[in-house]
Amino acid sequence: MRKPSKRRSLKTGLPPGTMVHVGERKVERVTIDVIEYNEREIKEHRIDNPDTLVTCMNNRNSVAWINVVGLHDIPTLEKIGQAFNIHPLTLEDIVNTNQRPKLEDYGHYLYLVLRMLYRDKTDGTLVVEQVSFVLGSHFVVSFQEMPDDVFDTIRKRLRTNKGQIRKKGGDYLVYTLVDAIADHYFTVLEDIGDRIEDLQENVLTATGPDTLRTIHAMKRECIFLRKSVWPLREALGALQKSESPLMDAGVAPYWRDVYEHTLHIMDTLESLRDSLSGALEIHLSNIGNRMNEVMKMLTLIATIFIPLTFVAGVYGMNFEYMPELKWRYGYAFIMGLMIATAVAMTLFFRKRKWL
Amino acid sequence: MRKPSKRRSLKTGLPPGTMVHVGERKVERVTIDVIEYNEREIKEHRIDNPDTLVTCMNNRNSVAWINVVGLHDIPTLEKIGQAFNIHPLTLEDIVNTNQRPKLEDYGHYLYLVLRMLYRDKTDGTLVVEQVSFVLGSHFVVSFQEMPDDVFDTIRKRLRTNKGQIRKKGGDYLVYTLVDAIADHYFTVLEDIGDRIEDLQENVLTATGPDTLRTIHAMKRECIFLRKSVWPLREALGALQKSESPLMDAGVAPYWRDVYEHTLHIMDTLESLRDSLSGALEIHLSNIGNRMNEVMKMLTLIATIFIPLTFVAGVYGMNFEYMPELKWRYGYAFIMGLMIATAVAMTLFFRKRKWL
Amino acid sequence: MRKPSKRRSLKTGLPPGTMVHVGERKVERVTIDVIEYNEREIKEHRIDNPDTLVTCMNNRNSVAWINVVGLHDIPTLEKIGQAFNIHPLTLEDIVNTNQRPKLEDYGHYLYLVLRMLYRDKTDGTLVVEQVSFVLGSHFVVSFQEMPDDVFDTIRKRLRTNKGQIRKKGGDYLVYTLVDAIADHYFTVLEDIGDRIEDLQENVLTATGPDTLRTIHAMKRECIFLRKSVWPLREALGALQKSESPLMDAGVAPYWRDVYEHTLHIMDTLESLRDSLSGALEIHLSNIGNRMNEVMKMLTLIATIFIPLTFVAGVYGMNFEYMPELKWRYGYAFIMGLMIATAVAMTLFFRKRKWL
Amino acid sequence: MRKPSKRRSLKTGLPPGTMVHVGERKVERVTIDVIEYNEREIKEHRIDNPDTLVTCMNNRNSVAWINVVGLHDIPTLEKIGQAFNIHPLTLEDIVNTNQRPKLEDYGHYLYLVLRMLYRDKTDGTLVVEQVSFVLGSHFVVSFQEMPDDVFDTIRKRLRTNKGQIRKKGGDYLVYTLVDAIADHYFTVLEDIGDRIEDLQENVLTATGPDTLRTIHAMKRECIFLRKSVWPLREALGALQKSESPLMDAGVAPYWRDVYEHTLHIMDTLESLRDSLSGALEIHLSNIGNRMNEVMKMLTLIATIFIPLTFVAGVYGMNFEYMPELKWRYGYAFIMGLMIATAVAMTLFFRKRKWL
Amino acid sequence: MRKPSKRRSLKTGLPPGTMVHVGERKVERVTIDVIEYNEREIKEHRIDNPDTLVTCMNNRNSVAWINVVGLHDIPTLEKIGQAFNIHPLTLEDIVNTNQRPKLEDYGHYLYLVLRMLYRDKTDGTLVVEQVSFVLGSHFVVSFQEMPDDVFDTIRKRLRTNKGQIRKKGGDYLVYTLVDAIADHYFTVLEDIGDRIEDLQENVLTATGPDTLRTIHAMKRECIFLRKSVWPLREALGALQKSESPLMDAGVAPYWRDVYEHTLHIMDTLESLRDSLSGALEIHLSNIGNRMNEVMKMLTLIATIFIPLTFVAGVYGMNFEYMPELKWRYGYAFIMGLMIATAVAMTLFFRKRKWL
């Protein structure tokens with residue numbers, strides 16, 4: 001799992017509102033894609049000069065979705081911040097890619113930050129990336145670090161005017177974006193769920209240390225997801241109850257829906273956690289049982305031979321007067337005795353269910 | 001346990017309100033059964049064309065219960081949705097049979113989704129199925145995937161005009177349906193409780209790995225039930241406090257009653273969970289004790305024979321001057337000594353309670 | 001412990017308000033004892049025909065306590081319900097003796113159901129029985145399954161006009177009844193507490209499997225009590241805050257008092273639980289330690305003799321040229337060497353605190 | 001630790017408000033010490049006849065602190081109750097020395113009951129004693145079982161007119177008394193903390209069963225303290241928010257302060273608990289490790305000698321044709337071989353870090 | 001970790017508001033540094049006589065930051081308290097350096113106490129120190145025990161007029177100070193996080209008792225941090241919701257920001273805790289596995305040799321008639337048999353995956 005960097009300490013001692021990009025992964029240069037749409041028309045263009053964004057700000061006839069990719073170019077981001085009148089603390093949070101998911105209401109805009117999960121298109125590893133949304137009266141600015149995202153289906157829907165998306169405002173756009181992110185959480189959870197089910201089938205036979213490591217790796221993934229979803233739940237709960245004029249009443253059922261999704265994700269995570277604990281318990285008691293079985297078997301072998309060795313030792317003694325030694329069938333008799341003893345002990349152990 | 005499918009990921013990337021049936025089990029074709037009743041009369045008919053449902057919608061003199069079986073035929077469901085003016089998000093939740101139990105108030109109707117548990121009439125396996133209720137001013141639409149259900153007694157009660165059911169409105173009908181579902185939860189819980197009691201009796205003697213697997217299987221069932229009942233409790237709690245005009249004040253005690261039932265189910269589940277943990281603890285310490293007893297017994301046998309073997313070894317030495325070897329009763333004396341040693345050690349071990 | 005039966009499933013599929021007695025234990029026939037009292041006079045009589053209860057209902061000058069024993073005779077109970085205008089759901093809960101403790105406010109009466117614990121007078125086993133109270137404006141109806149109860153002291157107090165009981169209303173009577181039940185909880189808790197203290201003293205010496213079983217049996221009792229007291233606490237908390245006109249303000253401190261008692265019971269239960277967990281931990285680590293000590297001792301014996309046996313084996317070899325064998329004191333020397341080795345090993349083990 | 005007696009069951013079946021002294025420890029006779037003070041003067045006298053207390057009640061120019069020692073003389077306490085118009089339930093709680101800490105507002109007085117901890121002056125054992133405060137408009141009555149207490153510093157402060165105590169009312173006096181009690185909790189906690197720190201240092205070397213017993217004894221003390229402090233926290237929280245006219249607004253910060261102290265005590269208790277759990281974990285894994293080390297060492301010794309014994313056994317065989325036996329240096333060679341084997345095995349075990 | 005001293009018991013029995021410095025570490029003498037600033041100018045001076053502070057109190061044109069280092073000189077602190085009209089309880093809390101982090105609103109000032117963490121500049125050990133803030137209308141008094149602190153960057157920012165700090169009031173100054181402290185928490189957490197990651201890599205190979213001790217030491221650090229941050233979170237939550245006129249509305253988003261930081265710190269702490277528990281689990285099961293492997297290997301060696309020794313013992317018997325002994329190749333045959341047996345057992349053990 002590729003997680004966001006945690007070098008938060010880079011920021012220690014800087015004044016609040018200072019923008020410091022703590023991430024490692026950077027695109028070559030910042031790209032700004034603008035999609036302006038209303039029910040009748042849609043315009044897409046890539047902007048070079050952030051100063052031209054003021055026109056979006058002023059065009060009140062359509063909703064503008066400004067998607068900013070790349071967070072390392074502080075001056076450009078500052079210009080975007082000025083164009084949309086974004087508070088310095090918000091800008092600081094946007095570039096500090098180790099934010100706790102949260103919702104903040106700044107009056108003229110809502111700021112929502114959360115984590116996007118998706119699989120890298122080339123190598124399939126899980127990527128965790130911070131996404132920030134600034135929702136104004138007729139614009140949505142989204143900030144992400146890398147060009148890959150989970151929003152392609154929404155762009156397509158905008159272009160093809162499918163569903164209600166072009167008929168509704170910026171709040172509905174943010175909802176569809178958040179819903180797309182939540183849907184990808186389910187994909188990741190199903191993936192983990194499948195692996196846990198595989199594990200539960202193998203756990204009764206596998207005894208290697210790999211199983212332990214796998215269980216703990218999955219536990220860590222669950223902890224990480226929980227840490228991402230728990231505050232997201234709070235943020236969406238706050239959003240659902242928000243009385244901001246930026247939130248249209250008609251969109252409320254949709255927010256309630258995506259909030260219910262996070263509850264469902266939490267439930268599923270808890271179940272996965274319980275399943276993992278169960279698998280761990282079975283695994284550990286399994287290993288213990290196997291080891292016990294081995295030790296019991298070995299000890300049984302030793303226990304059968306030790307008395308026999310004693311008998312052999314007795315007749316290896318060098319006493320002058322040992323009448324059995326002179327007997328014609330003494331050897332055969334003793335050998336028979338020893339075999340009989342071994343058989344009797346084996347039967348006894350089997351009867352006691354020790355063997 | 002047959003659970004609802006979890007292929008939620010099929011929905012990833014689709015616009016909200018898109019109906020996707022994620023379940024596997026489908027009936028041949030969707031059936032729509034309508035029961036229209038009031039205190040005086042009752043009419044039952046199966047409808048082919050969902051467009052005719054608008055007449056139910058308009059007939060305000062009786063309560064209409066529309067029971068829809070089969071969720072795979074999206075166009076038919078869309079028509080039902082139009083007939084009763086159901087929100088696209090509700091329709092999406094109805095067909096997505098992996099919903100978290102919840103209550104949603106859409107103003108002109110209440111949407112309640114929960115899980116129904118029952119035993120298959122043919123093979124007795126436990127079936128888990130999602131049921132959705134749409135409660136309007138004088139109609140109730142229920143959606144389920146398969147024709148089997150737990151509502152037969154209620155149909156009978158409607159036909160025979162038994163109890164108050166024909167005298168009351170749609171809210172009372174939904175209550176009786178939910179109450180029937182809750183009653184089946186108790187049946188399942190009693191079944192698990194009986195199995196746990198059997199287990200507790202066997203756990204002191206059984207040592208096989210089956211017991212461990214049984215305990216974990218039952219633990220998983222409890223986790224699953226808990227995951228179903230916990231949000232149901234929330235939903236019914238919300239319903240009980242609901243101030244929707246669709247809920248008649250006279251029905252409130254009934255909702256409180258069924259809410260108390262879910263509390264009782266939760267309590268019982270917690271107790272079962274504790275009992276299972278106790279059984280697991282006893283089982284594990286039992287296995288450990290048995291293994292310890294075996295090892296102790298084996299080690300005792302070895303410990304008695306090792307000193308004897310040493311003595312035999314001593315008199316097997318080939319020294320020229322070993323006076324005991326020449327004695328007339330040396331052999332008998334040494335054998336006696338060894339037997340005495342063995343007896344003394346056995347008594348000592350028994351005295352120390354090791355044997 | 002004799003618990004109420006759990007055959008709740010008998011009710012599955014019946015209309016709400018249907019009275020089904022789920023218990024097993026039945027008295028011959030239902031008895032109805034009426035005590036009518038006010039500050040000046042007290043009348044006690046046993047009633048045969050429940051229809052005559054209407055006179056109690058109408059006599060507003062005194063408080064009537066109607067104690068109904070036996071819940072199997074549904075028609076009689078229905079008549080009592082009619083006499084006091086009791087809601088069908090309440091009647092259903094009264095006869096369904098597997099109810100969760102709760103308080104319900106039906107306007108013209110309060111319904112309180114809880115569990116009574118007492119020791120059987122003949123054989124001393126613990127009996128758990130459901131008691132229901134219906135508190136109206138000037139009457140109290142109590143329902144129980146068996147004639148034994150914990151209310152004898154209250155009857156005596158009523159007859160002797162001791163304390164304030166005859167001066168106050170029905171709410172005070174219910175309080176004294178509930179208080180008597182709560183007092184018996186303390187008796188049971190003290191009993192368990194004494195047994196846990198015995199256990200804690202024995203746990204360091206006892207190692208048999210009985211201790212484990214005793215601990216788990218007591219744990220189960222604690223779980224059962226907790227399940228009974230937890231909802232009782234909620235019910236009494238609700239009662240304390242109740243603004244029902246049936247509750248006189250002067251009685252409020254008494255309800256607060258009995259509510260505090262349930263808090264105290266909960267605290268005590270939690271402590272007992274912790275004590276049990278501690279006793280279990282000590283017991284398990286004790287058993288482990290004892291087993292380890294045994295195994296260590298046995299292994300030490302083997303470890304001392306194995307090298308000696310090796311030495312004896314060496315001088316049992318048949319090499320032609322073994323000069324020691326020819327020595328005059330070879331045997332004595334080797335025996336001395338072996339004894340010295342054994343002593344040295346013993347001392348070494350003792351120094352390392354292994355012995 | 002000397003705890004208050006728990007024979008609560010003595011009270012079963014008695015009417016509410018019946019005073020029963022459940023404790024064992026009694027002073028010879030009840031003493032009543034009165035301190036009347038205002039900013040200018042202070043009077044101390046011991047009263048024999050509780051009827052004279054009415055004068056305190058009537059003297060509104062000074063604050064009266066009536067300290068009652070000894071709870072077994074019910075008639076005397078009843079007279080005190082009449083003098084100050086104390087509710088029967090309060091009197092019942094005062095003598096029932098197994099009360100849950102709580103605050104109760106009876107309008108004309110506040111009743112606060114809590115537990116006082118101090119070390120016995122003679123033998124240093126920890127004493128737990130219940131203290132009750134009745135705070136009226138210009139009087140404070142405190143009830144305790146034994147003459148020893150933690151209030152001597154406050155009496156001195158009253159006499160020397162040190163601090164603000166003589167300038168303020170009865171509520172401030174109760175605050176200083178509660179504060180003195182809370183301070184003694186800290187002393188006890190520090191004592192336990194010191195013992196835990198000692199334990200944590202010894203836990204790595206000590207292996208005896210004493211350590212386990214010490215840890216569990218301290219755990220029990222923590223559980224007991226927690227049980228005392230948790231409801232105290234609730235009581236003081238309620239007191240802090242109390243809008244009783246008996247509480248002067250100027251004293252509010254002091255109550256907040258002592259409330260913060262209880263929060264601090266809870267935090268410290270939680271930390272101590274965690275530390276104890278950690279110490280227990282280290283102790284158990286330590287014991288396990290040591291035992292494992294012993295067993296490993298013993299098994300290693302056996303493992304080295306068993307193959308050697310086998311070799312000696314081989315050359316103890318009596319075959320006629322065994323060429324090695326005839327060799328001149330056969331014995332020396334075999335002895336060398338055996339020593340080499342032992343050295344090689346030792347080195348191998350050491351290389352594998354088994355030794 | 002150097003923690004604040006805990007000799008809280010020194011205070012037992014003293015009147016509330018008595019200032020007792022419980023710490024050990026003292027500077028030579030108390031220093032008082034005053035920084036007075038507004039948007040235009042900044043003045044820094046060190047004050048000897050605390051009486052001159054009244055001028056700060058009276059100068060309402062600029063914000064005064066009075067930083068007091070050293071808490072042992074009670075008279076000086078009392079004079080400071082008089083100059084700013086600080087409540088005796090606040091002064092008591094300031095010098096009692098074992099305070100629970102909290103916020104208290106005294107009307108004319110807010111009192112905030114929390115813990116500052118930083119690394120000592122000379123030896124790098126972690127220092128924990130209590131810092132108190134008194135926020136008045138146009139002044140901030142901060143109290144600390146030692147001259148080292150985490151505020152140097154803020155002093156620099158004040159001097160250079162960087163950011164908004166000189167434009168805003170005392171509440172903003174307190175915010176920047178608290179923010180600087182919170183930033184240092186992140187540094188410490190990252191440090192612990194790095195060590196846990198190192199640990200997780202080593203835990204699979206390391207088996208010494210050091211690992212256990214390291215894990216428990218880190219657990220204790222986490223517990224200590226949690227104990228510091230948890231009440232800090234409460235205090236900042238209260239501050240954020242505070243309606244004190246001392247808090248400017250414009251500063252609210254900043255407080256919300258630092259409050260979110262404490263939530264983030266709590267989340268991170270919980271994750272670290274989970275990681276530590278996971279590491280401990282792996283470590284313990286690792287140690288167990290390794291020990292089991294060793295014992296299994298040793299037991300296998302013994303098990304292979306014990307039957308061989310028995311065979312050798314058999315042919316060491318001295319029976320007169322043992323035909324094998326006379327055979328020409330008896331010795332070679334038996335030796336071959338023994339080698340074959342050893343090989344067969346080894347293969348069998350390997351096949352069963354025991355070796």
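Residues numbered from 1 in each chain as written. Chains lettered and ligands numbered in written order. Predicted model: local features only at pLDDT ≥ 70, side-chain atom pairs only at ≥ 80, totals over all residues.

## Focus on the overall build of chain A
Then, in step 1: Helices and strands together make up the secondary structure of chain A, namely nine helices and seven strands.
Then, in step 2: Over its C-alpha atoms chain A spans a radius of gyration of 35 Å, topping by over 25% the 20 Å that the globule rule assigns to 355 residues.
Then, in step 3: In terms of overall dimensions, chain A has C-alpha extents of about 120 × 45 × 35 Å along its principal axes.
Then, in step 4: A buried classification covers 42% of the 355 residues belonging to chain A. (Helix = DSSP H or I, 4+ residues; strand = E, 2+ residues; numbered from the N terminus. Rg over C-alpha atoms; globule rule 2.2 N^0.38 Å. Buried ≥ 20, exposed ≤ 12 C-beta atoms within 10 Å, placed from the backbone.)

## Topic: the sheet that holds strand 2 (residues 42–47) of chain A
Residue and element names in this part refer to chain A.
Then, in step 1: In spatial order, the strands read 2-1-3-7-6-5-4; together these seven strands make up an open sheet with mixed pairing. In this open sheet, the two strands that pair with only one neighbour each are strand 2 and strand 4 (102–105). Taking each pair of neighbouring strands and ignoring which way they run, the sheet shows an average axis angle of 20°.
Then, in step 2: Sheet topology places strand 4 next to strand 5 (residues 110–119); four bridges connect them, and they run antiparallel. (Pairing = 2+ DSSP bridges. Axes fitted to C-alpha atoms, helices over the stretch in contact; angles between N-to-C directions.)

## What to know about helix 3 (residues 88–95) of chain E
Then, in step 1: Of the residues making up helix 3 of chain E, those classed as buried are Thr90, Leu91, Asp93, Ile94 and Val95 of chain E.
Then, in step 2: Where helix 3 of chain E is buried, its residues meet helix 2 (74–84), strand 5 (110–119), strand 6 (126–135) and strand 7 (139–144) of chain E. (Contact = placed C-beta atoms within 7 Å.)

## Looking at the sheet that holds strand 1 (residues 31–37) of chain D
Residue and element names in this part refer to chain D.
Then, in step 1: The mixed open sheet is built from seven strands, whose spatial order is 2-1-3-7-6-5-4. Strands with a single pairing partner mark the edges of an open sheet, and in this sheet they are strand 2 (42–47) and strand 4 (102–105). Neighbour to neighbour, the strand axes of the sheet diverge by 20° on average, direction disregarded.

## Quick look at the pairing of strand 3 (residues 63–69) of chain D
Within a regular beta strand, the side chains point alternately toward one face of the sheet and then the other, so they alternate between its two faces.
Residue and element names in this part refer to chain D.
Then, in step 1: Of all seven residues that make up strand 3, six are buried, and the element is covered over most of its length.
Then, in step 2: Pairing of strand 1 with strand 3 involves seven bridges; the strand directions are antiparallel. Within strand 3, the residue paired with Ile35 across the bridge is Trp65.
Then, in step 3: Note: strand 3 against strand 7 (residues 139–144), six bridges, orientation parallel. Looking at the pairing, Asn67 lines up with Ser142 of strand 7.

## Quick word on the interface of chain D and chain E
How big an interface is tends to be stated in terms of the accessible area lost upon association of its parts.
Then, in step 1: Every contact between the two is made by 47 residues of chain D and, on the other side, 42 residues of chain E.
Then, in step 2: Every element with two or more residues in the side of chain D that touches chain E is listed here: helix 4 (152–160), helix 5 (170–202) and helix 7 (252–314) of chain D.
Then, in step 3: The biggest single contributor to the side of chain D that touches chain E is helix 7 of chain D, with 26 residues.
Then, in step 4: Looking at side-chain class alone, the side of chain D that touches chain E contains 18 nonpolar, 17 polar and 12 charged residues. (Nonpolar A, V, L, I, M, F, W, Y, C, P; charged D, E, K, R; others polar.)

## Topic: the domain arrangement of chain A
Residue and element names in this part refer to chain A.
Then, in step 1: Under the domain assignment used here, chain A contains domain 1 (8–285) and domain 2 (287–351).
Then, in step 2: Taking the mean C-alpha position of each, domain 1 and domain 2 sit 73 Å from one another.
Then, in step 3: Across the contact, four residues belong to domain 1 and four residues belong to domain 2.
Then, in step 4: Of the residues contributing to the side of domain 1 that touches domain 2, the split by class is one nonpolar, three polar and no charged. (Domains from an automatic or database assignment.)

## Considerations on the relation of the copies chain D and chain E
Then, in step 1: Take chain D, turn it by 72°, move it 0.1 Å along the axis, and it overlays chain E with an RMSD of 0.1 Å. Both copies are brought into coincidence by an operation consistent with a five-fold rotation axis. When C-alpha distances to the rotation axis are compared across chain D, the minimum falls at Gly316 of chain D, with a value of 4.6 Å.
Then, in step 2: Both copies present different contact surfaces, since only 13% of the interface residues of chain D are interface residues in chain E too. (Least-squares fit on C-alpha atoms with pLDDT ≥ 70 in both.)

## Some remarks on the environment of Leu232 of chain E
Then, in step 1: Within the secondary structure layout, Leu232 of chain E lies in helix 6 (residues 209–241).
Then, in step 2: Considering only alpha carbons, one finds Leu232 of chain E and Lys167 of chain E, 65 residues apart in sequence, at a separation of 27 Å.

## Comments concerning the interface of chain D and chain C
Then, in step 1: At the junction of the two partners, chain D supplies 42 residues and chain C supplies 48 residues.
Then, in step 2: Elements with a minimum of two residues in the side of chain D that touches chain C: strand 4, helix 6 (209–241), helix 7, helix 8 (323–326) and helix 9 (330–351) of chain D.
Then, in step 3: For the side of chain D that touches chain C, the leading source of residues is helix 7 of chain D, giving 13 residues.
Then, in step 4: Of the residues that constitute the side of chain D that touches chain C, the class distribution is 20 nonpolar, 11 polar and 11 charged.

## Things to note about the relation of the copies chain D and chain C
Then, in step 1: Of the transformation superimposing chain D on chain C, the axial component is 0.1 Å and the angular component is 72°, with the fit at an RMSD of 0.2 Å.
Then, in step 2: When the interface residues of chain D are mapped onto chain C, a mere 14% of them again fall at the interface, so the copies present different faces.

## As for the packing of helix 5 (residues 170–202) of chain A against helix 7 (residues 252–314) of chain A
All names here are of chain A.
Then, in step 1: The contact between helix 5 and helix 7 brings their axes to 10 Å, and the two run at 15°. Considering the angle they form, helix 5 stands roughly parallel to helix 7. As for how helix 5 packs across helix 7, the hand of that crossing is left-handed. (Parallel < 35°, antiparallel > 145°, perpendicular 65-115°, else oblique. Left-handed = near helix turned anticlockwise from the far one by under 90°.)

## A word on the environment of Thr176 of chain A
Then, in step 1: For Thr176 of chain A, the location among the structural elements is in helix 5.
Then, in step 2: You can call Thr176 of chain A buried: it has 22 C-beta atoms within 10 Å.
Then, in step 3: A C-alpha to C-alpha distance of 8.2 Å links Thr176 of chain A and Ile165 of chain A, two positions 11 residues apart in sequence.
Then, in step 4: Those residues in contact with Thr176 of chain A, other than ones at most four positions away along the chain, are Ile154 and Ile165 of chain A together with Pro16 of chain B.

## Some thoughts on the pairing of strand 5 of chain A
Residues and elements named next belong to chain A.
Then, in step 1: A large share of strand 5 lies buried, amounting to eight of its 10 residues.
Then, in step 2: Here strand 4 folds back onto strand 5, and the loop between the two strands holds four residues, one of which, Gly107, carries a positive phi near 80°.
Then, in step 3: Strand direction decides the pairing type here: strand 5 and strand 6 (residues 126–135), joined by 10 bridges, are antiparallel. From the neighbouring strand, Tyr111 faces strand 6, where its bridge partner is Val134.
Then, in step 4: Hairpin connection from strand 5 to strand 6: six residues lie between these consecutive antiparallel strands, with Gly124 at a positive phi of about 75°.

## Things to note about unusual backbone geometry
All names here are of chain B.
Then, in step 1: One non-glycine residue, Asn85, adopts positive backbone phi at about 60°.
Then, in step 2: Inspection of the secondary structure assignment puts Asn85 in the loop between helix 2 (74–84) and helix 3 (88–95).
Then, in step 3: Residue classification places Asn85 among the exposed residues on the basis of 12 C-beta atoms within 10 Å.

## Concerning the nonpolar core
Then, in step 1: Ranked by size, the top nonpolar core spans 99 residues in total, and within it Tyr315 of chain C together with Tyr315 of chain E carry the most contacts.
Then, in step 2: Those residues in contact with Tyr315 of chain E, other than ones at most four positions away along the chain, are Met317, Asn318 and Phe319 of chain D together with Glu324, Leu325 and Ile334 of chain E. (Core = buried A, V, L, I, M, F, W, Y, C linked by C-beta atoms within 7 Å.)

## Some thoughts on the environment of Lys219 of chain D
Then, in step 1: Turning to its location among the elements, Lys219 of chain D is positioned in helix 6.
Then, in step 2: Sequence-distant contacts of Lys219 of chain D, that is, excluding residues within four places in its chain, are made with Gly278 of chain C together with Leu276 of chain D.

## Overview of the confidence of the model for chain A
Then, in step 1: Per-residue confidence for chain A gives a mean pLDDT of 84, with 94% of residues at or over 70.
Then, in step 2: Here the predicted complex carries an ipTM of 0.72, next to a pTM of 0.78. (pLDDT = per-residue confidence, 0-100.)

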